[in-house]
Amino acid sequence: MSEPIAALRTPQIDANYLDEDFNAYNWDMFSSLFRIYYSHLIHSFKHEFQLFLRVLTSCNTIFSSRFSATIGQQLLELKYSSSPLTRYQKCLYLLSFFFSYIYEKFLVDYRRLLPFQFIYKAISFANFLVFLHGGKYVNLFERISGVKTIHNHRPSLRILDYSYMKRELIWHTLNETLGTLIPFLTSLKARTLMRKYLSGTVMKRLEQTNICSVCEQSIVMPHESIGDCKHYFCYVCAYSLIQQSCPICFKTLNNIKRKDFSSE
């Protein structure tokens, strides 16, 4: 019988991230059941429900004699070297859940226990550095229980397809560029410059007296500028243009007055 192959560092880290993502998704699905009715239960007993879901998931995964692996490990074809886990290891795994529950509910916001939080974070960080050096025990549970992560079978070389990565990079670059430019393009000053310089000629004065020159909708409480600009605006639109330029004729609006169409 061949000796089990110790898992590589990257799959072990990825398995942990997959477990965290699964727990977050599982919680979102569970909490959505109470968004309409009994939503106060989610806020009052959030940590208790999360603990229950983690224990329930573990009963069907790592505590099961069929799998003996977490969700993330199953997806990456990993498992623990001790299969199934011993009673001592299962108790330690459950205690890690209860410790996370106590830490997140009582210790995170308790200022008097800040030194304890620092010590816990420091120990976790030191364990991670040791894991990067030796490749064993990615978390404190594995180090205390002495259980190792191994591959189900000998890992094979993966052929990377960079075309997919290139598409993702192009898409994310385009998405971030548009996300940066669109707020500026939708601003009033940007639209004014685009109308002034990109159209080639200055737009003619609007003939419709019932259309606002800013929002281009039916005028509500019509107002006009006290000055050279004779375009008509809603009161809110006109008030927002004070000390700025008209989007049609580009003349500065210093003040506004109510426009009475009945006098014309």
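Owing to the predicted nature of the structure, the values given are computational and were not obtained by experimental measurement.

Conventions adopted
- Within every chain, residues take consecutive numbers counted from 1 along the sequence as written.
- Only residues with pLDDT of at least 70 are given local features in this predicted model, and only at 80 or more are side-chain atom pairs given and counted; all residues enter the totals for whole chains, interfaces and linings.
- The side-chain values count all of the structure's non-hydrogen atoms but skip hydrogen atoms and water molecules.
- Here, strands pair whenever DSSP counts at least two bridges between them.
- We count a stretch as a helix when DSSP gives it H or I for four or more residues in a row; a strand needs E for two or more, and each element gets its number in order from the N terminus.
- Residue burial is assigned from relative accessible area. The probe radius is 1.4 Å, only protein chains are included, and a residue is buried under 20% of its type maximum, exposed over 50%, and partly exposed in between.
- Any two residues whose heavy atoms approach within 4.5 Å are treated as being in contact.
- To estimate the expected span of a helix, subtract one from its residue number and multiply by 1.5 Å.
- An arc is given here, and it is the one of the directions from the helix axis to the C-beta atoms.
- Between Lys or Arg on one side and Asp or Glu on the other, a salt bridge is scored when a side-chain nitrogen of the former is within 4 Å of a carboxyl oxygen of the latter.
- Simply put, an axis is a line fit to the C-alpha atoms, just over the touching stretch for a helix, and the angle between two N-to-C directions goes from 0 to 180 degrees.
- The labels follow the angle: roughly parallel below 35 degrees, roughly antiparallel above 145, roughly perpendicular from 65 to 115, and oblique for the rest.
- Note on convention: near helix rotated counterclockwise from far helix by under a right angle means a left-handed crossing. Clockwise means right-handed.

**A few points about the sheet that holds strand S7 (residues 256–258)**
Within a sheet, neighbouring strands are paired by backbone hydrogen bonds and run either parallel or antiparallel to one another.
In step 1: Read from one edge to the other, the open sheet built from three strands follows the order S4-S3-S7, with strand pairing classed as antiparallel. Two strands in the sheet have a free side with no partner beyond their single neighbour: strand S4 (232–233) and S7.
In step 2: Bridge analysis of strand S3 (residues 223–225) against S4 gives two bridges, and the strand direction is antiparallel. Each residue of the ladder has a partner; that of His-223, found in S4, is Phe-233.

**Some words on the environment of Val-147**
In step 1: You can see Val-147 is positioned in the loop between helix H7 (140–145) and strand S2 (149–151).
In step 2: Note on Val-147: relative accessible area 1%, which makes it buried.
In step 3: Along the chain, Val-147 and Lys-136 lie eleven residues apart, while their C-alpha atoms are 9.1 Å from each other.
In step 4: When sequence neighbours within four positions are dropped, the list of residues in contact with Val-147 reads Tyr-80, Ser-81, Ser-82, Leu-85, Gln-89, Tyr-137, Phe-141 and Glu-142.

**Quick notes on helix H5 (residues 87–107)**
In step 1: With 21 residues, H5 should reach 30 Å at 1.5 Å per residue; the first-to-last C-alpha distance of 28 Å fits that figure.
In step 2: Along its buried surface, H5 packs onto helix H3 (46–59), helix H6 (114–134) and H7.

**What about H6?**
In step 1: Between the first and last C-alpha of H6 there are 30 Å, a value that for 21 residues agrees with the 30 Å anticipated at 1.5 Å per step.
In step 2: For H6, the complete set of buried residues consists of Gln-117, Asn-127 and Phe-131. Taken end-on, H6 shows its buried residues confined to a sector of 95 degrees, consistent with a single buried face. For H6, exposure combined with an orientation more than 90 degrees from the buried face picks out Pro-115, Phe-118, Phe-125 and His-133.
In step 3: Of the surrounding secondary structure, the elements contacted by the buried residues of H6 are helix H1 (9–31), H5 and H7.

**Some words on the pattern of salt bridges**
In step 1: In total, this model carries one salt bridge according to the counting rule given.
In step 2: The closest approach of N and O atoms between Lys-105 and Glu-48, which form a salt bridge, is 2.2 Å. Note that Lys-105 is positioned in helix H5 and Glu-48 in helix H3, a separation of 57 residues in sequence.
In step 3: For Glu-48, a relative accessible area of 25% translates into the label partly exposed.

**Some remarks on the packing of H3 against H5**
In step 1: Orientation of H3 relative to H5, taken along the N-to-C sense of each, is 165 degrees, at an axis distance of 10 Å. Our classification of the angle between H3 and H5 gives roughly antiparallel. In the crossing of H3 with H5, the sense of the turn from one axis to the other is right-handed. Where H3 approaches H5, its residues His-47, Glu-48, Gln-50, Leu-51, Arg-54, Val-55 and Ser-58 are matched on the opposing element by Tyr-93, Leu-94, Phe-97, Phe-98, Ser-100, Tyr-101, Glu-104 and Lys-105.

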